[in-house]
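A closer look at the structure
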Amino acid sequence: MTGLRIDSYDWQGGHEAMLRLGPDHAPLAIIAPALFEEANRTRAFTLAIARALATHGIGVAIPDIPGQGESVLPTDRASLADWRAAFAAATAQIGGQVHGIAIRGGAIVDTDAELASRWRLSPITGQTVLSDLRRASRHATVNGEPSTLAGNRLAAPLVAALEADEIFPSTGGPVRTVRVDTDPRPADRHVAGSPLWRRSEPANDPPFAATLAADIAQWITSCGG
Amino acid sequence: MIFEGTHEVERAVRAVLGDVLGLSPERTAEFTDVTPLFGALPELDSMAVAGVLTEVEDRLGIVIEDDEVDGETLSTFGALVAFAARKTAV
């Protein structure tokens, strides 16, 4: 097993960092992290899932999404099409059969990637991503600019694309959805754990991460590894 | 005001506050109708208010319009439960 290393990937619009953990060979998985503030709240948790997957012998990649996380691209130059193109390029660069893991809004980013399967934790559509941002900014002190939502400057095309994203597009291939047990919406499995993406402060839940990693490992095996 | 299912609403609201604000079950178990929330819990800032409202919507299957929410809605635990119970009764 190999430890955490910082790799990178190229896509048509630039160059982004990509964390890698575990082996370089199959089974391989790529994580589409949560978006905006939820990404900060779930950063440690996402890494805990990745580390646990590595102990299951799964090689994991976590690419930076353009205009998100540590990306140098300003958020107001990001578009949904670019997110999807970048994630698809990162997946292609890993090569071979790669399984997708989407956390929350990550589920709208992985649609163009060639993935062997898709595992989703409490996925939300672009429309929900946008309404969460709007609600957060309505209850926060905003500095007036309509394009600034909860501290994020968003380009009009991104706002429009999120607004129009109301259902998960059919991507083909197997999909598994997991939600926390307090969430009544349909899922393949409900797991006891905290919705850390709602926490006002970043937090982690290692037992929850371990349960999810075990679920993902079993799922990837059932999808042919 | 007793609504059918108010007990479930109360339990859900208690759990949401624990989950969103990162409070222990022991701490949220002490909440009564008159426990002050907004302005009294440092964890409950404006960002957290958005998280609480969205999570209450998700768990109870209700829709909360932001203009229905004012200072009173989150003033006490009892006020928030009553607000959510009214929405579930609609």
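- Going by the annotation in an unreviewed UniProt entry, the name recorded for chain B is Acyl carrier protein, with Sphingomonas aerophila given as the source organism.

- Per an unreviewed UniProt entry, chain A is named Alpha/beta hydrolase, and its organism is Sphingomonas aerophila.

Section: the overall build of chain A
- The secondary structure content of chain A amounts to 6 helices and 10 strands.
- Along the three orthogonal principal directions, the C-alpha set of chain A runs to about 50 × 40 × 30 Å.
- Counting over 225 residues, chain A shows a buried share of 55%.
- Surface accessibility of chain A: about 9200 Å² in total, with carbon and sulfur atoms responsible for 52%.
- If the 20 positive side-chain charges of chain A are averaged to one point and the 24 negative ones to another, these points end up 4 Å apart.

Here's the deal with the sheet that holds strand 10 (residues 189-191) of chain A
All names here are of chain A.
- Strands sit in the order 1-2-4-3-5-6-9-10 across an open sheet of 8 strands; the sheet is mixed. Edge strands, defined here as strands with exactly one partner in the open sheet, are strand 1 (5-11) and strand 10. The mean angle between the axes of side-by-side strands here comes to 25°, regardless of whether they run parallel or antiparallel.
- Sitting on the sheet, helix 3 (residues 80-94) is in contact with strand 1, strand 2 (14-21), strand 3 (28-32), strand 4 (59-63) and strand 5 (98-103), with an inclination near 120° to strand 1.

A few points about the interface of chain B and chain A
- Listed as interface residues are 22 residues of chain B and, on the opposing side, 16 residues of chain A.
- Between chain B and chain A lies a buried interface of about 1700 Å² when both sides are counted; carbon and sulfur atoms form 50% of it.
- Linking chain B with chain A are 5 salt bridges.
- Arg-135 of chain A is the partner of Asp-66 of chain B in a salt bridge, and the nearest nitrogen-oxygen pair spans 3.1 Å.
- Taken together, the connections running from chain B to chain A amount to 10 residue pairs in polar contact (both at pLDDT 80 or more).
- Broken down by secondary-structure element, the contributors of at least two residues to the side of chain B that touches chain A are helix 1 (6-21) and helix 3 (46-60) of chain B.
- In terms of residue count, the dominant contributor to the side of chain B that touches chain A is helix 3 of chain B (12 residues).
- For the side of chain B that touches chain A, the class distribution of residues is 9 nonpolar, 5 polar and 8 charged.

Quick notes on the layout of surface pockets
- Its boundaries defined by the atoms lining it, the largest pocket holds a volume of some 420 Å³.
- Looking at the largest pocket, it is lined by 18 residues, and the ones nearest its centre are Ser-131, Asp-132 and Arg-135 of chain A together with Thr-54 and Glu-57 of chain B.
- Those elements that place two or more of their residues in the lining of the largest pocket are helix 4 (126-138) of chain A together with helix 3 of chain B.
- With 6 residues, helix 4 of chain A is the largest single contributor of residues to the lining of the largest pocket.

Considerations on the UniProt feature "domain: Carrier" (unreviewed entry) in chain B
- What UniProt calls "domain: Carrier" (unreviewed entry) maps, in this numbering, to residues 7-88 of chain B.
- The span residues 7-88 of chain B is 57% helix and 0% strand, and its two end C-alpha atoms sit 12 Å from each other.

Some words on helix 4 of chain A
- The end-to-end C-alpha separation of helix 4 of chain A is 18 Å, in line with the 18 Å expected for 13 residues at 1.5 Å each.
- Those residues of helix 4 of chain A lying buried are Gly-126, Val-129, Leu-130, Asp-132, Leu-133, Arg-135, Ala-136 and Ser-137 of chain A.
- Taken together, the buried residues of helix 4 of chain A touch helix 1 (36-41), strand 7 (148-149), strand 8 (152-153) and helix 5 (156-164) of chain A together with helix 3 of chain B.

Here we look at the pattern of salt bridges
All names here are of chain A.
- For the structure on display, the rule yields 27 salt bridges over all chains.
- Here Arg-179 makes a salt bridge to Asp-183, at a shortest N to O gap of 3.5 Å. The same class applies to Arg-179 and to Asp-183, which are both buried.
- Asp-183 serves as the salt-bridge partner of Arg-185, at 3.0 Å between the closest nitrogen and oxygen.
- Judged by its relative accessible area of 31%, Arg-185 falls in the partly exposed class.

Some points on the packing of aromatic side chains
- Considering all chains together, one arrives at 3 aromatic pairs over all chains under this definition.
- Taking the centre distance of 5.6 Å and the plane angle of 55° together, the rings of Phe-31 of chain B and Phe-77 of chain B count as tilted. Placement of Phe-31 of chain B in the loop between helix 2 (25-29) and helix 3 and of Phe-77 of chain B in helix 4 (residues 77-89) is noted, with a sequence separation of 46 residues between them.
- For Phe-77 of chain B, a relative accessible area of 1% corresponds to the buried category.
- Its end group placed over the ring of Phe-168 of chain A, Arg-120 of chain A keeps NZ or CZ at 4.9 Å from the ring centre.

Regarding the side chain of Thr-6 of chain B
- Assignment of secondary structure puts Thr-6 of chain B in helix 1.
- When residues no more than four places from it in sequence are discounted, the contact partners of Thr-6 of chain B are Val-81 and Ala-85 of chain B.

Each value, and the rule that gives it
- All residue numbers refer to position in the chain's written sequence, counted from 1.
- Naming scheme: in the order in which they are written, chains are lettered from A and ligands are numbered from 1.
- Restriction of local features to residues with pLDDT of at least 70 applies here, the model being predicted, together with a cutoff of 80 or more for giving and counting side-chain atom pairs; totals for whole chains, interfaces and linings are based on all residues.
- Heavy atoms throughout the structure, all of them, feed into the side-chain values; hydrogens and water do not.
- A run of H or I in DSSP counts as a helix once it spans at least four residues, and a run of E counts as a strand once it spans at least two, with each numbered from the N terminus.
- Accessible area is worked out with a 1.4 Å probe on protein chains only. A residue is then buried under 20% of its type maximum, exposed over 50%, and partly exposed in between.
- For the area figures, the Shrake-Rupley method with a 1.4 Å probe applies, and any residue is considered shielded solely by the protein chains shown.
- Charge assignment: positive for Lys and Arg, negative for Asp and Glu; neither His nor the chain ends contribute.
- The atoms used to mark charge sites are NZ of Lys, CZ of Arg, CG of Asp and CD of Glu.
- For two strands to pair, DSSP has to find at least two bridges joining them.
- Convention adopted: a line fitted to C-alpha atoms gives each axis, helices being fitted over their contacting stretch, and angles between N-to-C directions are expressed from 0 to 180 degrees.
- Whether two residues are in contact is decided by their heavy atoms, any of which lying within 4.5 Å being enough.
- What gets called buried area is simply the loss in accessible area from a 1.4 Å probe that two parts show on being joined, summed for both.
- Salt bridges are defined as contacts in which a side-chain nitrogen from Lys or Arg sits within 4 Å of a carboxyl oxygen from Asp or Glu.
- Two N or O atoms count as a polar contact when they lie within 3.5 Å, although within protein this holds only if one can serve as hydrogen donor and the other as acceptor, and sequence-adjacent residues are included solely when both atoms are side-chain atoms.
- Each residue is assigned to one class: nonpolar for Ala, Val, Leu, Ile, Met, Phe, Trp, Tyr, Cys and Pro, charged for Asp, Glu, Lys and Arg, and polar for all the others, Gly among them.
- Using a 1 Å grid laid over the protein atoms alone, points where a 1.4 Å probe fits but cannot get out form a cavity; open sets with protein on both sides within 12 Å along at least 5 of 7 lines form a pocket; any residue with an atom within 4 Å of a point counts as lining.
- Grid points are joined across faces, edges and corners, and a volume is the space filled by probe spheres set on the points.
- UniProt positions are given in the numbering used here, feature names are shortened, and annotations may be inferred rather than shown by experiment.
- By definition here, a helix of n residues has an expected span of 1.5 Å times n minus one.
- In this analysis, rings of Phe, Tyr and Trp, with Trp reduced to its six-membered ring, are considered paired at centre separations within 6.5 Å, and the interplanar angle assigns stacked below 30 degrees, edge-to-face beyond 60, and tilted for intermediate values.
- Charge over a ring is defined by NZ of Lys or CZ of Arg lying within 6 Å of the ring centre and within 35 degrees of the ring normal.

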